[in-house]
Structures are given as C-alpha cells and as structure tokens.
Amino acid sequence: MRPEHRLLKTDFFARPAPEVAPDLLGKCLVRRTDDEEIVAIISEAEAYEGTEDLACHASKGRTRRTEVMFGPPGRFYVYLIYGMHQMLNVVTNTEDSPSAVLIRAVHLVSGPGRLTRVLAIDGTLNGLPAVPASGLWFEDRGLTVPSTDIELSPRIGVDYAGPIWSAMPWRYTLARDSLPGLTELVKPGGRLS
DNA sequence: GCAGTGATCATA
DNA sequence: ATGATCACTGCC
C-alpha cells in the first residue's frame, strides 16, 4: 500500500451508518488473495442503522448472526442470502447502536452478490477487521466525490420493514456520469495507482 | 415474473 | 424437527 493510499481505520467507521455510507462512495475496496490484488471503487452502498431500523438485521435482536453488528466498528459482517449470495457489510457506529453498511456495487460490477463473487468474499471474513492482514480493507486513494454526484434512494428489498423504514433514503449511489473519470485514476499507470 | 438454494431463527 | 423468511441474480 503506497503512502497516498490511506487505509480507512476504525474511526472512519465509528459513526452512524447514514454518515459512513455516502462517505464510502469513491473509496476503494481492496482485496488481496494469494494470487492477486483487486481494487474496486465503491459506487453504491446502503445504511442499516440500529435496532429501531426495521430493515436492519439488528432490529431482530442479538443473535448469532447479528452478533458482529453488536461489536466494534470496522469489522466485516458477511452473510449468505437466498442460499446463494454472500453479502458484504462493514460494521459501523458504536456497540450501543448495532449498524452496518452494505456494499451494493463497485465500478464495473453490479449487485452485492456479484461483487462478493468477483472479490472472492465469503463467510470466512465475517467478523474480521477491515485491515490488510485480513486480506480485505478500505482505502482512500484521494478521490473526492462531490455531494452533487451522490444520489439518494430507498434501500432495495426491504418492503417488509414497513412504510417508514423501507422509504428511508439510505441507499447511496455514485452518479453514473462521475464514474469514467474516477476509474482512470486507479487504473494501472493511472495517477493514483 | 419467478426458480434456485441454504443458513438462520422462531415455534414446537 | 419443521417451516418461513430472506439486504439477490439470472433466465423465462
């Protein structure tokens, strides 16, 4: 990791999910396995905040699955959905407010299920801290996303949470127009690579 | 529009 | 033990 590739540390994640999620847009998700290192620019994220938020798994209480969200921020919350797709979240806020941000899309990959497949993410990462030693972490590579490039909309697939929580505009998407310029920056040979 | 696929959790 | 419920994707 080069000096200007700043690892996002615990304090970045120790805030409410609706603050962390938009700040993650334009940040990099870096995956290192034995073979390779893959860098992906986060282009879509959703906030799941606390026990009040009926769309948040933590609203069901503290169970074996949700245990990670009740722990310290900056750890991965990975779970399997529909028997097929691994979902990648990073735990946010404090232990008083179990919350997480779902990484929904990265540039050139769409959908939170496809991105975990591409990045070789599965449950073995669940509960691990987002640091290089885990093989998966977040970096600030100097890209700044103006707030005008961030689109807000309701979270996907959470109608069961009722009218209030399902309508909450906690899905943050990087506007399509702002993407091409951003990828140039992290390509091999690009200014920031 | 809906099948596929399996962990998880409440109910018993 | 059993069954319902999924923060999804791809093919019809």
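Report follows, based on the coordinates. (Residues numbered from 1 in each chain as written. Chains lettered and ligands numbered in written order. Predicted model: local features only at pLDDT ≥ 70, side-chain atom pairs only at ≥ 80, totals over all residues. Heavy atoms only, no water.)

**Brief notes about the environment of Pro-73**
Within the element layout of this structure, Pro-73 appears in the loop between β3 (37-49) and β4 (76-81). Put simply, Pro-73 and Lys-27 are 46 residues apart on the chain and 17 Å apart in space, counted from C-alpha to C-alpha. Leaving out residues up to four positions away in the same chain, Pro-73 has contacts with Thr-10, Phe-13, Ala-14, Val-91, Thr-92 and Asn-93. (Helix = DSSP H or I, 4+ residues; strand = E, 2+ residues; numbered from the N terminus. Contact = heavy atoms within 4.5 Å.)

**Quick word on the protein's contact with DNA strand C**
Taken together, 21 residues form the shell around DNA strand C, and within it His-57, Asn-89, Gly-111, Pro-112 and Tyr-160 come nearest. Backbone atoms, meaning sugar and phosphate, make up 59% of the atoms of DNA strand C lying within 4 Å of the protein. In this structure, a base nitrogen belonging to DNA strand C sits 3.2 Å away from a side-chain N or O atom of Tyr-79. In the environment of DNA strand C, a phosphate oxygen lies 3.3 Å from a nitrogen or oxygen atom belonging to the side chain of Arg-104. (Near = heavy atom within 4 Å. Polar contact = N/O pair within 3.5 Å; in protein donor to acceptor, adjacent residues only side chain to side chain.)

**Things to note about the layout of surface pockets**
Here the largest pocket defines a volume of roughly 420 Å³. As for the largest pocket, its lining consists of 20 residues, and the residues nearest its centre are Tyr-79, Ile-81, Ile-156, Gly-157 and Val-158. Elements represented by at least two residues in the lining of the largest pocket include exactly β3, β4, β5 (85-92) and β6 (99-106). A class-by-class count of the residues in the lining of the largest pocket yields 15 nonpolar, three polar and two charged. (1 Å grid on protein atoms, 1.4 Å probe; cavity = no way out; pocket = protein on both sides within 12 Å on 5 of 7 lines; lining within 4 Å. Points joined across faces, edges and corners; volume = space filled by probe spheres on them. Nonpolar A, V, L, I, M, F, W, Y, C, P; charged D, E, K, R; others polar.)

**Topic: the protein's contact with DNA strand B**
Close to DNA strand B lie Thr-63, Arg-64, Arg-65, Tyr-82, Gly-83, Met-84 and His-85, which account for all nearby residues. Sugar and phosphate atoms form 54% of the subset of DNA strand B atoms that lie within 4 Å of the protein. Between DNA strand B and the protein, one listed contact pairs a phosphate oxygen with a backbone N or O atom of Arg-65 at 3.1 Å. A distance of 3.2 Å separates a base nitrogen of DNA strand B from a polar backbone atom of Gly-83.

**A short note on the environment of Val-68**
Turning to its location among the elements, Val-68 is positioned in the loop between β3 and β4. Using a relative accessible area of 15% as the deciding quantity, one classes Val-68 as buried. Taking the C-alpha atoms as reference points, Val-68 and Ala-45, separated by 23 residues in sequence, lie 19 Å from one another. Once residues within four sequence positions are removed from consideration, Val-68 is found in contact with Arg-75, Phe-76, Val-91, Asn-126 and Gly-127. (Buried < 20%, exposed > 50% of the residue type's maximum accessible area, 1.4 Å probe, protein only.)

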